[in-house]
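What follows is each chain in one-letter form.
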Amino acid sequence: MPLGLGWRTRFEVVEPVRPFRWDKGGQSFAGWYFSVTTRDHVGYESWLERDRLILLDRDPQVGGIASQPFWLHWHDGTRKRRHAPDYFIRLADGRSRVVDVRAEDDMDEETGEAFAATERACRAVGWEFDWVGRPAPVFMANVRWLARYRRARCRGPEAVADRLVEVFREPKGIWEGAELVGDRLQVLPVLFHLLWSGVLGTDLTGGLMQTDTLVWVEEGQRWAG
(Lines give C-alpha, C1' and ligand atoms only; values in the text may rest on other atoms or scores of the structure.)
Protein backbone atom coordinates (compact mmCIF):
# COMPACT_ATOMS: atom_id res chain seq x y z
CA MET A 1 0.00 0.00 0.00
CA PRO A 2 1.14 3.61 -0.35
CA LEU A 3 3.16 4.69 2.68
CA GLY A 4 0.79 7.62 3.08
CA LEU A 5 -2.00 5.13 3.89
CA GLY A 6 0.09 2.77 6.02
CA TRP A 7 2.12 5.20 8.10
CA ARG A 8 -0.07 4.55 11.16
CA THR A 9 0.87 0.86 11.16
CA ARG A 10 2.64 -0.22 14.34
CA PHE A 11 5.81 -1.20 12.55
CA GLU A 12 7.62 -1.49 15.88
CA VAL A 13 5.87 -4.83 16.53
CA VAL A 14 5.96 -6.42 13.05
CA GLU A 15 7.99 -9.48 12.10
CA PRO A 16 11.00 -9.01 9.77
CA VAL A 17 9.99 -8.94 6.11
CA ARG A 18 12.89 -11.17 5.11
CA PRO A 19 14.97 -13.83 6.85
CA PHE A 20 18.38 -13.12 8.32
CA ARG A 21 21.23 -14.70 6.40
CA TRP A 22 24.19 -16.65 7.77
CA ASP A 23 26.64 -16.99 4.85
CA LYS A 24 29.51 -19.42 5.34
CA GLY A 25 32.75 -17.51 5.11
CA GLY A 26 30.90 -14.18 5.01
CA GLN A 27 32.18 -11.05 6.73
CA SER A 28 28.88 -10.29 8.47
CA PHE A 29 27.37 -12.19 11.36
CA ALA A 30 23.61 -12.35 11.86
CA GLY A 31 21.83 -13.17 15.09
CA TRP A 32 19.19 -12.26 17.65
CA TYR A 33 19.58 -9.79 20.50
CA PHE A 34 17.30 -9.89 23.54
CA SER A 35 16.04 -6.35 24.07
CA VAL A 36 14.95 -5.29 27.55
CA THR A 37 13.00 -2.49 25.87
CA THR A 38 10.78 -4.83 23.86
CA ARG A 39 11.19 -7.88 26.16
CA ASP A 40 11.74 -9.90 23.00
CA HIS A 41 14.47 -10.83 20.55
CA VAL A 42 15.33 -8.41 17.75
CA GLY A 43 17.31 -9.56 14.72
CA TYR A 44 20.51 -8.11 13.32
CA GLU A 45 22.62 -8.90 10.26
CA SER A 46 26.06 -7.64 11.33
CA TRP A 47 28.08 -6.80 14.43
CA LEU A 48 27.53 -3.13 13.56
CA GLU A 49 23.75 -3.61 13.61
CA ARG A 50 24.07 -5.53 16.88
CA ASP A 51 25.99 -2.62 18.43
CA ARG A 52 23.30 -0.20 17.28
CA LEU A 53 20.64 -2.43 18.86
CA ILE A 54 22.49 -2.28 22.17
CA LEU A 55 22.58 1.52 22.02
CA LEU A 56 18.89 1.71 21.10
CA ASP A 57 18.07 -0.67 23.95
CA ARG A 58 19.82 1.64 26.42
CA ASP A 59 18.24 4.83 25.08
CA PRO A 60 15.42 6.02 27.40
CA GLN A 61 13.67 7.69 24.45
CA VAL A 62 13.15 4.36 22.67
CA GLY A 63 9.91 2.51 23.39
CA GLY A 64 9.82 -0.06 20.58
CA ILE A 65 12.25 -1.63 18.08
CA ALA A 66 11.66 -3.85 15.03
CA SER A 67 14.23 -5.03 12.50
CA GLN A 68 13.65 -5.18 8.73
CA PRO A 69 10.11 -3.80 9.30
CA PHE A 70 8.93 -3.27 5.72
CA TRP A 71 9.92 -3.12 2.06
CA LEU A 72 9.99 0.34 0.55
CA HIS A 73 9.41 0.24 -3.23
CA TRP A 74 10.13 3.08 -5.68
CA HIS A 75 11.20 3.72 -9.25
CA ASP A 76 14.45 5.59 -9.76
CA GLY A 77 13.61 6.69 -13.29
CA THR A 78 15.35 3.72 -14.84
CA ARG A 79 14.28 0.66 -12.88
CA LYS A 80 12.19 -0.52 -9.96
CA ARG A 81 14.01 -0.49 -6.63
CA ARG A 82 13.26 -1.71 -3.12
CA HIS A 83 14.91 -1.42 0.28
CA ALA A 84 14.19 -2.89 3.72
CA PRO A 85 15.42 -0.45 6.39
CA ASP A 86 17.37 -1.97 9.26
CA TYR A 87 15.17 -0.75 12.12
CA PHE A 88 11.90 0.97 12.87
CA ILE A 89 11.90 2.80 16.20
CA ARG A 90 8.90 3.98 18.19
CA LEU A 91 9.96 6.74 20.54
CA ALA A 92 8.46 7.16 23.98
CA ASP A 93 6.60 10.30 22.88
CA GLY A 94 4.99 8.48 19.94
CA ARG A 95 7.28 9.72 17.16
CA SER A 96 8.55 7.29 14.52
CA ARG A 97 12.14 6.88 13.41
CA VAL A 98 13.61 4.70 10.67
CA VAL A 99 17.26 3.73 11.13
CA ASP A 100 19.71 2.41 8.55
CA VAL A 101 23.10 1.15 9.70
CA ARG A 102 26.16 1.28 7.46
CA ALA A 103 29.74 2.33 8.14
CA GLU A 104 30.76 5.32 6.04
CA ASP A 105 33.68 3.47 4.45
CA ASP A 106 31.29 0.67 3.38
CA MET A 107 28.88 2.97 1.57
CA ASP A 108 28.49 2.56 -2.17
CA GLU A 109 26.44 4.52 -4.69
CA GLU A 110 23.49 2.13 -4.72
CA THR A 111 23.24 2.05 -0.92
CA GLY A 112 23.46 5.84 -0.77
CA GLU A 113 20.61 6.11 -3.27
CA ALA A 114 18.49 3.68 -1.23
CA PHE A 115 19.10 5.64 1.97
CA ALA A 116 18.24 8.91 0.23
CA ALA A 117 14.99 7.45 -1.13
CA THR A 118 14.12 6.15 2.35
CA GLU A 119 14.80 9.54 3.91
CA ARG A 120 12.54 11.27 1.37
CA ALA A 121 9.73 8.78 2.04
CA CYS A 122 10.08 9.22 5.80
CA ARG A 123 10.01 12.99 5.53
CA ALA A 124 6.84 12.81 3.44
CA VAL A 125 4.90 11.07 6.24
CA GLY A 126 6.46 12.94 9.17
CA TRP A 127 8.89 10.25 10.27
CA GLU A 128 12.50 10.79 11.29
CA PHE A 129 15.29 9.06 9.38
CA ASP A 130 18.72 8.31 10.77
CA TRP A 131 21.73 6.86 8.99
CA VAL A 132 24.23 5.69 11.61
CA GLY A 133 27.75 4.33 11.27
CA ARG A 134 30.36 2.97 13.65
CA PRO A 135 30.20 4.20 17.26
CA ALA A 136 33.40 5.23 19.04
CA PRO A 137 35.27 1.97 19.80
CA VAL A 138 36.02 2.58 23.49
CA PHE A 139 32.53 3.85 24.23
CA MET A 140 30.96 0.87 22.46
CA ALA A 141 33.21 -1.64 24.24
CA ASN A 142 32.13 -0.24 27.62
CA VAL A 143 28.43 -0.26 26.71
CA ARG A 144 28.73 -3.86 25.44
CA TRP A 145 30.11 -4.83 28.84
CA LEU A 146 27.25 -3.11 30.66
CA ALA A 147 24.73 -4.76 28.32
CA ARG A 148 25.61 -8.10 29.93
CA TYR A 149 23.85 -6.78 33.04
CA ARG A 150 20.82 -5.21 31.33
CA ARG A 151 18.26 -7.80 32.42
CA ALA A 152 16.01 -7.23 35.42
CA ARG A 153 17.53 -10.18 37.27
CA CYS A 154 20.73 -8.16 37.68
CA ARG A 155 18.97 -5.50 39.73
CA GLY A 156 19.47 -7.71 42.76
CA PRO A 157 18.06 -6.94 46.20
CA GLU A 158 16.61 -3.45 46.45
CA ALA A 159 18.65 -2.85 49.60
CA VAL A 160 21.89 -3.41 47.65
CA ALA A 161 20.85 -0.97 44.90
CA ASP A 162 19.82 1.63 47.47
CA ARG A 163 23.12 1.25 49.32
CA LEU A 164 25.11 1.62 46.08
CA VAL A 165 23.31 4.87 45.32
CA GLU A 166 24.13 6.08 48.83
CA VAL A 167 27.79 5.09 48.59
CA PHE A 168 28.39 6.66 45.18
CA ARG A 169 26.88 10.04 46.01
CA GLU A 170 30.55 10.87 46.46
CA PRO A 171 32.51 9.61 43.40
CA LYS A 172 34.56 6.49 44.10
CA GLY A 173 36.31 3.73 42.19
CA ILE A 174 34.23 0.71 41.17
CA TRP A 175 35.84 -1.78 43.55
CA GLU A 176 36.18 0.68 46.41
CA GLY A 177 32.48 1.49 46.34
CA ALA A 178 31.40 -2.12 45.85
CA GLU A 179 33.42 -3.28 48.88
CA LEU A 180 31.68 -0.70 51.06
CA VAL A 181 28.37 -2.38 50.19
CA GLY A 182 29.31 -6.06 50.53
CA ASP A 183 30.73 -9.07 48.71
CA ARG A 184 31.92 -7.86 45.29
CA LEU A 185 30.61 -11.02 43.58
CA GLN A 186 27.10 -10.12 44.72
CA VAL A 187 27.38 -6.34 44.47
CA LEU A 188 29.10 -5.82 41.11
CA PRO A 189 26.25 -7.17 38.92
CA VAL A 190 23.88 -4.72 40.61
CA LEU A 191 26.40 -1.91 40.20
CA PHE A 192 26.81 -2.64 36.48
CA HIS A 193 23.04 -2.78 36.04
CA LEU A 194 22.74 0.65 37.64
CA LEU A 195 25.42 1.94 35.25
CA TRP A 196 23.51 0.44 32.31
CA SER A 197 20.26 2.01 33.45
CA GLY A 198 21.80 5.43 34.11
CA VAL A 199 21.12 5.52 37.84
CA LEU A 200 24.90 5.62 38.25
CA GLY A 201 27.27 7.30 35.83
CA THR A 202 30.86 6.94 34.70
CA ASP A 203 33.12 8.07 31.86
CA LEU A 204 32.45 5.60 29.03
CA THR A 205 34.61 7.37 26.44
CA GLY A 206 37.95 8.09 28.12
CA GLY A 207 39.09 4.48 28.43
CA LEU A 208 37.96 0.95 29.16
CA MET A 209 36.41 0.56 32.59
CA GLN A 210 38.86 -0.58 35.26
CA THR A 211 38.54 -1.46 38.94
CA ASP A 212 39.45 2.12 39.89
CA THR A 213 37.17 3.82 37.33
CA LEU A 214 35.22 6.57 39.06
CA VAL A 215 31.46 6.11 39.46
CA TRP A 216 28.91 8.65 40.67
CA VAL A 217 25.16 9.15 41.02
CA GLU A 218 23.46 10.61 37.95
CA GLU A 219 20.87 13.01 39.30
CA GLY A 220 17.65 12.91 37.32
CA GLN A 221 19.00 10.74 34.47
CA ARG A 222 17.52 7.31 33.70
CA TRP A 223 18.38 5.01 30.82
CA ALA A 224 17.18 1.47 30.25
CA GLY A 225 15.47 -0.23 33.19
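Preceding block: the structure.
Fair warning: this is a prediction, and the values are worked out from it, not measured in the lab.

Draft legend 1. Summary view of the side chain of Gln 68. Assignment of secondary structure puts Gln 68 in the loop between β3 (62-67) and β4 (72-75). For Gln 68, the side chain forms a polar contact with the side chain of Glu 45, separated by 3.0 Å. Beyond its immediate chain neighbours, meaning those up to four positions away, Gln 68 contacts Glu 15, Pro 16, Val 17, Arg 18, Phe 20, Glu 45, Ala 84, Pro 85 and Asp 86.

Draft legend 2. Inspection of the layout of surface pockets at higher detail. Taken as a whole, the second largest pocket spans an internal volume of roughly 270 Å³. Every residue lining the second largest pocket is counted, 16 residues in all, and those nearest its centre are Glu 12, Val 14, Asp 40, His 41 and Ile 65. Put simply, the parts of the chain that give the lining of the second largest pocket at least two residues each are β2 (40-44) and β3. Examining the composition of the lining of the second largest pocket, we find that 5 residues originate from one element, β3, more than from any other. Taken together, the residues that form the lining of the second largest pocket break down as 7 nonpolar, 6 polar and 3 charged.

Draft legend 3. Expanded view of the sheet that holds strand β10 (residues 200-201). What the 3 strands build is an open sheet, ordered β9-β11-β10; its pairing is antiparallel. A single partner strand is all that each edge strand has here, and the edge strands are β9 (172-173) and β10. Looking at chain direction, β10 and strand β11 (residues 214-217) are connected through 2 bridges and run antiparallel. Within the sheet, the bridge partner assigned to Leu 200 lies in β11 and is Val 217.

Draft legend 4. Summary view of the nonpolar core. Ranked by internal contacts, the top residues of the largest apolar core, which has 46 residues, are Tyr 87 and Leu 191. With 8 residues, helix α7 (residues 184-197) is the largest single contributor of residues to this core. The contacts of Leu 191, once residues within four sequence positions are left out, are Leu 164, Phe 168, Ile 174, Ala 178 and Leu 200. Counting residues in hydrophobic clusters, the runner-up holds 14 residues, among them Leu 72, Trp 74, Val 98 and Trp 127.

Draft legend 5. Expanded view of the packing of aromatic side chains. Tallied over the entire structure, the rule returns 11 aromatic pairs. Ring centres of Phe 29 and Trp 47 lie 4.7 Å apart, and the angle between their planes is 10°; on these two criteria the pair is classed as stacked. Within this pair, whereas Phe 29 is found in the loop between α1 (3-6) and β1 (31-35), its partner Trp 47 is found in helix α2 (residues 47-58), the two being separated by 18 residues in sequence. A residue is classified by how much of its surface remains accessible, and Trp 47, at 41% relative accessible area, is partly exposed.

What counts as what
- Residues numbered from 1 in each chain as written.
- Predicted model: local features only at pLDDT ≥ 70, side-chain atom pairs only at ≥ 80, totals over all residues.
- Heavy atoms only, no water.
- Helix = DSSP H or I, 4+ residues; strand = E, 2+ residues; numbered from the N terminus.
- Polar contact = N/O pair within 3.5 Å; in protein donor to acceptor, adjacent residues only side chain to side chain.
- Contact = heavy atoms within 4.5 Å.
- 1 Å grid on protein atoms, 1.4 Å probe; cavity = no way out; pocket = protein on both sides within 12 Å on 5 of 7 lines; lining within 4 Å.
- Points joined across faces, edges and corners; volume = space filled by probe spheres on them.
- Nonpolar A, V, L, I, M, F, W, Y, C, P; charged D, E, K, R; others polar.
- Pairing = 2+ DSSP bridges.
- Core = buried A, V, L, I, M, F, W, Y, C linked by side-chain atoms within 4.5 Å.
- Buried < 20%, exposed > 50% of the residue type's maximum accessible area, 1.4 Å probe, protein only.
- Phe/Tyr/Trp six-rings, centres within 6.5 Å; stacked < 30°, edge-to-face > 60°.

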